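Single-letter residue listing:
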Amino acid sequence: MSPLSGRLIVVVGAGGAAKAIAYGAKKKGARVVVANRTYEKAVTLANAVGGQALRLADLENFRPEEGTILANATSLGMYPNVDGTPVPKKALRFYDVVFDAVYAPKVTRLLREAKEHGVKVVSGVEMFVRQAMGQFEHFTGGIEAPESLMREIAAQYT
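Because the structure is predicted, anything quoted here is derived from the model rather than measured.

Per the UniProt record, "domain: Quinate/shikimate 5-dehydrogenase/glutamyl-tRNA reductase" (unreviewed entry) is found at residues 4–62. Secondary structure within residues 4–62 divides into 37% helix and 25% strand; the distance between the first and last C-alpha atoms comes to 20 Å.

Okay, here's the thing in structure tokens:
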């Protein structure tokens, strides 16, 4: 059974990374809420995964249930616009885990503010490395990826 099974995940964004996260979470048994600046795009993705849609601005007052995960799949906070964040700091305290797909910088404003509330945070570097490992294994016909080497290389650039 997946650790996501039965949990609520709020996906911020509706582009490619958001779709991957939403579909992956749904496949693992999570319930999905999609929040996006363009509400119609949130509705389209939410409908595709049997979830709920919100406007991005609604996250300021959204009160998720205990155990909810927030996953930012937008470019807000990515270098060089490191001051951007998709969710106001005061709303972050309601999440158990905050993941940011942004990997440059490694610690985004979103992650920094979530951590200030005592929330567990996961950097986009984690997704970046795991994608590289998956690609390596795919293109080498199943040879196990050198995870420590990939993490070492990623650390040089994040």
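As far as domains go, the protein holds domain 1 (8–122) and domain 2 (124–157). For domain 1 and domain 2, the distance between their C-alpha centres works out to 24 Å. Each side of the interface is counted separately: domain 1 has 7 residues, and domain 2 has 5 residues. When domain 1 packs against domain 2, the two sides together hide about 550 Å² of surface, and 79% of this comes from carbon and sulfur.

Scanning all chains against the criterion turns up 1 aromatic pair. When the centroid spacing of 4.4 Å and the interplanar angle of 20° are considered together, the rings of Tyr103 and Phe128 count as stacked. Within this pair, whereas Tyr103 is found in the loop between β5 (97–100) and α4 (109–116), its partner Phe128 is found in helix α5 (residues 124–139), the two being separated by 25 residues in sequence. Using a relative accessible area of 32% as the deciding quantity, one classes Tyr103 as partly exposed. Across from the ring centre of Tyr39, 4.1 Å away, lies the NZ or CZ of Arg55, which sits over that ring.

What counts, and at which threshold
- Residues numbered from 1 in each chain as written.
- Predicted model: local features only at pLDDT ≥ 70, side-chain atom pairs only at ≥ 80, totals over all residues.
- Heavy atoms only, no water.
- UniProt positions renumbered as here; feature names shortened; annotations may be inferred.
- Helix = DSSP H or I, 4+ residues; strand = E, 2+ residues; numbered from the N terminus.
- Domains from an automatic or database assignment.
- Contact = heavy atoms within 4.5 Å.
- Buried area = accessible area lost by both parts, 1.4 Å probe.
- Phe/Tyr/Trp six-rings, centres within 6.5 Å; stacked < 30°, edge-to-face > 60°.
- Buried < 20%, exposed > 50% of the residue type's maximum accessible area, 1.4 Å probe, protein only.
- Lys NZ or Arg CZ within 6 Å of the ring centre and 35° of its normal.

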